[in-house]
Amino acid sequence: MSIIRDVTIRAKDYLAEDRILIFVGARQAGKTTILRQLQKFLEEKENLVYFLNLEDPERLGLLNESPKNLFKIFPIDFSQKTFVIIDEIQYLNNPGNFLKYFWDEYKNKIKIIVSGSSAFYIDKNFKDSLVGRKKIFYVRTLSFREFLRFKNEDTLSKKDFIAINLFERDKITAYFYEYMIYGGYPRVVLSSIQEKKDILRDIAYSYIKKDIYEANIRQDEIFYLLLKLLSSQIGTLVNASELANILNVSKTSIDNYLYVLQKSFHLSLIKPFFRNIRKELTKMPKAYFLDLGLRNFLTGHLEGFENRTDKGQLLENVVFRKLIEKYTIEEIRFWRTTTKNEVDFVIKDDIAYEVKVNPKLFRESHYKTFFKNYPQIKLSLVSLNVKDGSVNNYKVLKPWEI
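As the structure is a prediction and not an experimental result, all values here were calculated from the model.

1. A look at the overall build of the protein
Counting secondary structure elements, the protein contains 18 helices and 13 strands. Its C-alpha atoms give the protein a radius of gyration of 23 Å, near enough to 21 Å, the size a compact globule of 402 residues would have. Among the 402 residues that make up the protein, the fraction classed as buried is 53%. For the protein, long-range pairs separated by at least 24 residues make up 69% of all intrachain contacts whose partners lie at least 6 apart in sequence.

Quick look at the structure:
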């Protein structure tokens, strides 16, 4: 039996709606499994459900000829509502037109549920044609709570992590160290330590290559070099012009690569926090990976946390990964001055987090400009090195407590 994902649970609430359900996310993040979970749930409720994988060239060819050929593939019974689940919808020549046709003509009779790996491709084709007709679910690699469920720790995954006993805290700590190094790709989580590196290599070179191909990028060596550069620059400003000079390509190419990396769910860019919105939109962003295992593989380092030279970067990235589970990318920003005073994360307009490997090195004086300009924002520290729970009256949280 497959382990139920959080997004599966959320999606069940939308099965009775007319809107098309679209699941987008990185390859190997578990989209097909989620579709199968929804199929099983619907069938248990005695619904008529058909499942179609568009990696089948014969069926793909039929649907590219005409959306109506779906009726040649499945015997749709119009006397009851039918659910059609389609995996890898991006392989269609025009997925937007296909889905729009069935919503416009059969929305009360046929409920379409689809997945697509290349979110950048889907965005461009769906932007206008499916306004008001779709509900998009973003499928990332496993959250830490999902990771615990995949480790057969279902009870522990449901706990309030702030109110746990010492035994539970030690278990969570051990699991979190593994999660921080190897990430949350389901296959990686379920594999042995000896197999994890090989699976991450397969994801990095086989599946990202498909993203590159579908994005019509022909300089794949440059693309991989950019990925490696970014993996070693977590927490620093992303200067597209500087990256273009290093890789000897145009800034336009770098901007396009960054776009593809975001839309294929490998990377997120967060913007700076300023009172002046015009400044905020023109300043450089910071980049974070959406899966720590992929990031660590690209750096060439999969050793344990205590033996690493990039502790600060790794910890900051895993904190971002935790924040993106609770907030939108627009709600997560950072604060930085021209004198390089910085707060790692500012959430909305009322919460801030500063990530510290050693929280005792925190100096309140370094943040006096931030406190002066934003007295309403509450600052907390985040660290794995928490003993007293506070430093200079500032609360210190473990990453999983956010």
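2. Here's the deal with the environment of I254
Along the chain, the position of I254 falls in helix α14 (residues 251-263). Measuring from C-alpha to C-alpha, the distance between I254 and L226 comes to 8.3 Å, with 28 residues separating the pair along the chain. Ignoring anything within four residues of it in the chain, the contact list for I254 reads L226, A240, L243, A244, L247 and V249.

3. Description of the nonpolar core
Membership of the largest hydrophobic core comes to 121 residues, with the highest contact counts inside it found for F23, I113, F144, I254 and F345. By size, the runner-up hydrophobic cluster in this structure holds 15 residues, among which are V343, Y367, I377 and V391.

4. A short note on the environment of T8
Tracing the chain through its elements places T8 in helix α1 (residues 6-12). Through-space distance from the C-alpha of T8 to that of Q37 is 7.1 Å; in sequence the pair is 29 residues apart. Ignoring sequence-local partners within four residues, the contact set of T8 consists of I34, Q37 and L38.

5. A look at unusual backbone geometry
Phi angles above zero are rare outside glycine, and E46 is one such case at about 65°. Positive phi, normally seen in glycine, also occurs at N248, with a value near 60°. Its location among the elements puts N248 in the loop between α13 (240-247) and α14.

6. Considerations on the sheet that holds strand β11 (residues 378-382)
Across the sheet, which stays open at both edges, the 6 strands sit in the order β8-β9-β10-β11-β13-β12 with mixed pairing between neighbours. In the strand order of this sheet, the two ends are held by β8 (332-336) and β12 (390-391), each with one partner. Of the strands in this sheet, β8, β9 (342-347), β10 (351-355) and β11 touch helix α17 (residues 311-323), which is tilted by about 10° from β9.

7. Some points on the packing of helix α11 (residues 193-214) against helix α12 (residues 220-231)
Each packed pair of helices is defined by two parameters, the angle between the axes and the distance between the axes. At a minimum axis distance of 11 Å, the contact between α11 and α12 shows a crossing angle of 120°. Classified by the angle their axes make, α11 and α12 are oblique. Of the two elements, α11 crosses α12, and the hand of that crossing is right-handed. Here A204, Y205, I208, K209 and I212 of α11 come into contact with α12, specifically with D220, F223, Y224, L227 and K228. Taken together, the residues of the contact of α11 with α12 break down into 7 nonpolar, no polar and 3 charged.

8. Quick look at the pairing of strand β7 (residues 286-289)
The two faces of β7 match: K286 and Y288 on one face and A287 and F289 on the other face are all buried. In this sheet, β7 lies alongside strand β6 (residues 267-270) in antiparallel orientation, the contact comprising 4 bridges. For L269, the partnering residue across the bridge sits in β7 and is A287.

9. Some details on helix α2 (residues 31-44)
Taking 1.5 Å per residue as the helical rise, α2 with its 14 residues ought to reach 20 Å, and the 20 Å between its terminal C-alpha atoms agrees with that figure. Three or more residues of α2 are buried, namely K31, I34, L35, Q37, L38, Q39 and L42. Buried residues along α2 sit in contact with α1, β1 (20-25), β2 (48-53), β3 (82-87), β4 (110-116) and β5 (134-139). Two residues or fewer past α2, E46 is found with a positive phi of approximately 65°.

10. As for the packing of aromatic side chains
Enumeration over the complete set of coordinates arrives at 34 aromatic pairs. Residues F362 and Y367 carry aromatic rings whose centres are separated by 5.0 Å and whose planes lie at 20° to one another, so their mutual orientation is stacked. Just as F362 is buried, Y367 falls in that class too. Through a chain of ring-to-ring contacts, three or more aromatic side chains come together here, namely F273, W335, F362, Y367, F370, F371, Y374 and Y394. One cation-aromatic arrangement involves R145 over F161; the distance from NZ or CZ to the ring centre is 3.8 Å.

11. Quick word on the environment of E105
Following the sequence through the fold, E105 ends up in helix α5 (residues 95-106). With a relative accessible area of 52%, E105 lands in the exposed category. Considered as a pair, E105 and P399 are 294 residues apart in the sequence and their alpha carbons are 48 Å apart.

12. Some points on the packing of helix α9 (residues 166-182) against α17
The N-to-C vectors of α9 and α17 enclose an angle of 100°; their axes lie 10 Å apart at closest approach. Of the possible angle classes, the one that applies to α9 and α17 is roughly perpendicular. Contacts between α9 and α17 involve F176, Y179, M180 and I181 from the former and L314, V318 and R321 from the latter. Tallied by class, residues from the contact of α9 with α17 come to 6 nonpolar, no polar and 1 charged.

13. Brief notes about the sheet that holds β4
One open sheet holds the 5 strands; their spatial order is β2-β3-β4-β1-β5, and the pairing between them is parallel. For this open sheet the edge positions go to β2 and β5, each flanked by a neighbour on one side alone. Direction aside, the axes of adjacent strands within the sheet are offset by 15° on average. Sheet topology note: the β1/β4 ladder contains 4 bridges and is parallel. Its bridge partner being in β4, F23 is matched across the sheet by S115.

Reading guide: rules and limits
Residues numbered from 1 in each chain as written. Predicted model: local features only at pLDDT ≥ 70, side-chain atom pairs only at ≥ 80, totals over all residues. Heavy atoms only, no water. Helix = DSSP H or I, 4+ residues; strand = E, 2+ residues; numbered from the N terminus. Rg over C-alpha atoms; globule rule 2.2 N^0.38 Å. Buried < 20%, exposed > 50% of the residue type's maximum accessible area, 1.4 Å probe, protein only. Contact = heavy atoms within 4.5 Å. Core = buried A, V, L, I, M, F, W, Y, C linked by side-chain atoms within 4.5 Å. Pairing = 2+ DSSP bridges. Axes fitted to C-alpha atoms, helices over the stretch in contact; angles between N-to-C directions. Parallel < 35°, antiparallel > 145°, perpendicular 65-115°, else oblique. Left-handed = near helix turned anticlockwise from the far one by under 90°. Nonpolar A, V, L, I, M, F, W, Y, C, P; charged D, E, K, R; others polar. Expected span 1.5 Å × (residues − 1). Phe/Tyr/Trp six-rings, centres within 6.5 Å; stacked < 30°, edge-to-face > 60°. Lys NZ or Arg CZ within 6 Å of the ring centre and 35° of its normal.

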